[in-house]
Amino acid sequence: MSDEADKSSKPYASPPCFMHELADGADTSHEEAWPEVRRWRRATRDRLIAERLAVPVAERIRLADIVARKLDTLIGDPSGRVVGLYWPFRGEPDLRPWLATLHDRGATTALPVVIQKAAPLVFRPYCPGDRLERGVWNIPVPVVDEENIPDIIVSPLVGFDAAGYRLGYGGGFYDRTIAALPKRPLLIGIGYDFAELSTIYPQPHDIPMDHIVTAG
């Protein structure tokens, strides 16, 4: 977990019924609680994305550089390792300059591709200059029909909690992908300090990150 996250930031309020359930010791992973969890996640997701998009572009660039330097410290020498990254979307930290340095330092870099709904992602090799096409949500993806198994997955997040659980866009793609891989990679979530929540109310299928790296 990033030690530099702003602990003074105000956590988003839990739904009133959750506060009552938690006080009574209820298990929010139970299927009866899931619809309320889903509504809370959707509202929280929308709020955090709006806050993220409000960050000026120049500030996003500065924060992405801070995140990249933290990642270098965390990962160390990337040579010979397959690093799965992402193409920035809706105000996410833009790590494309860092991706280029990884490739220059001997790493194999790859981007995630949605093959079908409710299925694991695949990671296709990509380095700057490779041809891309529009994928789901018009996010650019590599055109090569080749797959890599990442040693490290650097995934964007909308929100996160102290236990390392990641709030994403709600499609469950990363959880399915990690569960389907033959070996667990090093999992690193990327976001902004203000995205920290007291909890995301993790469900049985949610997989925590090994590290959360943020700036802001």
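Just so we're clear, the structure is a prediction, and the values are computed from it rather than from any experiment.

S.K.: Hey, could you run me through the packing of aromatic side chains in this one?
M.R.: The description of two aromatic rings rests on the distance between their centres and on the angle between their planes. Tallied over the entire structure, the rule returns six aromatic pairs. Aromatic pair Trp 40 and Tyr 201: ring centres 5.1 Å apart, planes at 90 degrees, arrangement edge-to-face. A residue pair is termed long-range when its members are at least 10 positions apart, and Trp 40 in helix α2 (residues 34-53) and Tyr 201 in the loop between β10 (196-197) and β11 (211-215) qualify at 161 residues. One exposure class covers both Trp 40 and Tyr 201, and it is buried. Of the aromatic side chains, those joined through ring pairs into one cluster are Phe 89, Trp 137 and Tyr 169. Cation over ring: Arg 96 sits above Trp 87, and NZ or CZ is 4.6 Å from the ring centre.

S.K.: Would you explain the pattern of salt bridges in this entry?
M.R.: Any two side chains of opposite charge can pair, so long as their charged atoms come close to each other. Applying the stated rule across the entire model yields eight salt bridges. The shortest N-O distance in the salt bridge between Arg 41 and Asp 206 comes to 2.7 Å. Here Arg 41 is found in helix α2, whereas its partner Asp 206 is found in the loop between β10 and β11, with 165 residues between them in sequence. Exposure class is identical for Arg 41 and Asp 206. Each is buried. Where Arg 62 meets Glu 59, a salt bridge forms, and the shortest distance between an N and an O atom there is 2.8 Å.

S.K.: Where do I start with the sheet that holds strand β8 (residues 166-167) in this structure?
M.R.: Strand pairing in a sheet takes place through backbone hydrogen bonds and is either antiparallel or parallel in direction. Spatial strand order, β8-β7-β10: three strands in an open sheet with mixed pairing. Edge positions in the open sheet fall to β8 and β10, since each of these has one partner strand only.

S.K.: Is there a simple way to explain the sheet that holds strand β3 (residues 122-125) in this structure?
M.R.: Taking strand neighbours across the sheet as the criterion, the six strands line up as β3-β2-β1-β6-β9-β11 in an open arrangement whose pairing is mixed. The open sheet has two edge strands with one neighbour each: β3 and β11. With direction set aside, neighbouring strand axes in the sheet form an average angle of 30 degrees. Taken together, the five bridges between strand β6 (residues 152-156) and strand β9 (residues 186-192) define a ladder with parallel strand orientation. When the bridges of β9 are listed, Pro 156 appears paired with Ile 190. Strand contacts of helix α3 (residues 57-75): β6, β9 and β11, with the helix running at about 145 degrees to β11, the strand carrying the most contacts.

S.K.: Got a minute to help me understand the pairing of β3 in this structure?
M.R.: Here is the key point about a regular strand: its side chains alternate between the two faces of the sheet. On β3, burial covers both faces: Val 122 and Arg 124 on one face and Phe 123 and Pro 125 on the other are all buried. Across four bridges, strand β2 (residues 108-113) lies against β3 in antiparallel orientation. Counted as the bridge partner of Pro 112 is Phe 123 from β3.

S.K.: Any chance you could explain helix α4 (residues 96-104) here in plain terms?
M.R.: One turn of an α-helix holds 3.6 residues; hence residues three or four places apart share an orientation. Within the sequence span of α4, burial applies to Trp 98, Leu 99 and Leu 102. Seen from one end, α4 has its buried residues packed into an arc of 105 degrees, which puts them on one side. Across from the buried face of α4, at angles greater than 90 degrees, the exposed residues are Pro 97 and Asp 104. Looking at the residues trailing α4, positive phi occurs at Gly 106, about 95 degrees.

S.K.: Which parts of the structure should I look at to understand α3?
M.R.: Helix length check: α3, at 19 residues, gives a terminal C-alpha distance of 26 Å against a target of 27 Å (1.5 Å per residue), a fit within 8%. For α3, the full list of buried residues reads Arg 60, Leu 63, Ala 64, Ile 66, Val 67, Ala 68, Lys 70, Leu 71 and Ile 75. Where the residues of α3 are buried, they touch α2, α4, β6, β9 and β11. Just beyond α3, the residue with positive phi is Gly 76, at close to 75 degrees.

Thresholds applied
- Each chain has its residues counted from 1, following the order in which its sequence is written.
- A pLDDT threshold of at least 70 governs which residues receive local features in this predicted model, and a stricter bar of 80 or more applies before side-chain atom pairs are shown or counted, although totals over entire chains, interfaces and linings include all residues.
- Remark: hydrogens and water are excluded; side-chain values derive from all non-hydrogen atoms of the structure.
- Only Phe, Tyr and Trp rings are paired, with Trp represented by its six-membered ring, and only when their centres lie within 6.5 Å; those with planes under 30 degrees apart are stacked, over 60 edge-to-face, the remainder tilted.
- Helix numbers and strand numbers start at the N terminus; a helix is a DSSP run of H or I with at least 4 residues, a strand a run of E with at least 2.
- Each residue gets one of three labels from its accessible area relative to the maximum for its type: buried under 20%, exposed over 50%, partly exposed in between, using a 1.4 Å probe on protein chains only.
- Put simply, a charge is over a ring when the Lys NZ or the Arg CZ is close to the ring centre, within 6 Å, and near the line of the ring normal, within 35 degrees.
- Here a salt bridge means any side-chain nitrogen of Lys or Arg lying within 4 Å of a carboxyl oxygen belonging to Asp or Glu.
- Two strands pair under a simple rule: DSSP has to find at least two bridges between them.
- Where helices are involved, their axes are fitted lines through C-alpha atoms of the stretch in contact, as for all axes, and angles between N-to-C directions lie from 0 to 180°.
- Note on contacts: a residue pair is in contact if any heavy atoms of the two residues lie within 4.5 Å.
- To be clear, the arc concerns the directions from the helix axis to the C-beta atoms.
- Any helix carries an expected span of 1.5 Å times its number of residues minus one.

That's the geometry; what it means functionally is another story.
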